[in-house]
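Structure at a glance
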Amino acid sequence: MSSLTDELKRLMETLDQGIQQQPGAGDAIDLILASPARTTEVCSLRHDPVVEAFRQELVDGLIRVDTANKLLHLVNTVVTALLTR
């Protein structure tokens with residue numbers, strides 16, 4: 001059993017030395033904090049002209065076929081993009 005603990009101790013010392021030799025190395029949190037900020041190209045469709053037109057026609061109670069078609073096309077574009085990622 002003592003040979004196992006001795007081996008574990010040597011392994012830990014080796015890992016500690018390896019970490020100390022890495023310039024600027026830290027733990028996983030340090031790496032994330034040091035990385036560039038995340039960005040996104042996601043935008044809300046809430047005020048998209050197609051959605052606004054559909055919303056207005058829904059309120060008016062007269063949804064035209066071409067307006068519904070445009071909305072469904074927009075939704076299909078978004079779903080397709082999500083599924084192909």
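Since the structure is predicted, the reported quantities are computational estimates derived from the model, not experimental observations.

**Here we look at the overall build of the protein chain**
A tally of regular secondary structure across the protein chain gives 4 helices and 0 strands. Taken from N to C terminus, the helices and strands of the protein chain fall in the order α-α-α-α. For the protein chain, the residues scored as buried account for 6% of the 85 residues in total. Carbon and sulfur atoms make up 62% of the accessible area of the protein chain, which amounts to about 7900 Å² in all.

**A look at helix α3 (residues 49–60)**
Over its 12 residues, α3 runs 16 Å from end to end, which matches the ideal 16 Å to within 8%, given 1.5 Å per residue. Between the side-chain oxygen of the N-cap and the backbone nitrogen of Val-50 there are 3.0 Å, and the N-cap of α3 in question is Asp-48. One or two steps after α3, the chain reaches Gly-61, where phi turns positive at roughly 80 degrees.

**Concerning the environment of Val-50**
With respect to the helices, strands and loops of the structure, Val-50 is situated in helix α3. When the C-alpha atoms of Val-50 and His-73 are compared, they prove to be 9.7 Å apart, with 23 residues separating the residues in sequence.

Definitions and cut-offs
Residues numbered from 1 in each chain as written. Predicted model: local features only at pLDDT ≥ 70, side-chain atom pairs only at ≥ 80, totals over all residues. Heavy atoms only, no water. Helix = DSSP H or I, 4+ residues; strand = E, 2+ residues; numbered from the N terminus. Buried < 20%, exposed > 50% of the residue type's maximum accessible area, 1.4 Å probe, protein only. Areas by Shrake-Rupley, 256 points an atom, 1.4 Å probe, with all protein chains shown as cover. Expected span 1.5 Å × (residues − 1). Polar contact = N/O pair within 3.5 Å; in protein donor to acceptor, adjacent residues only side chain to side chain.

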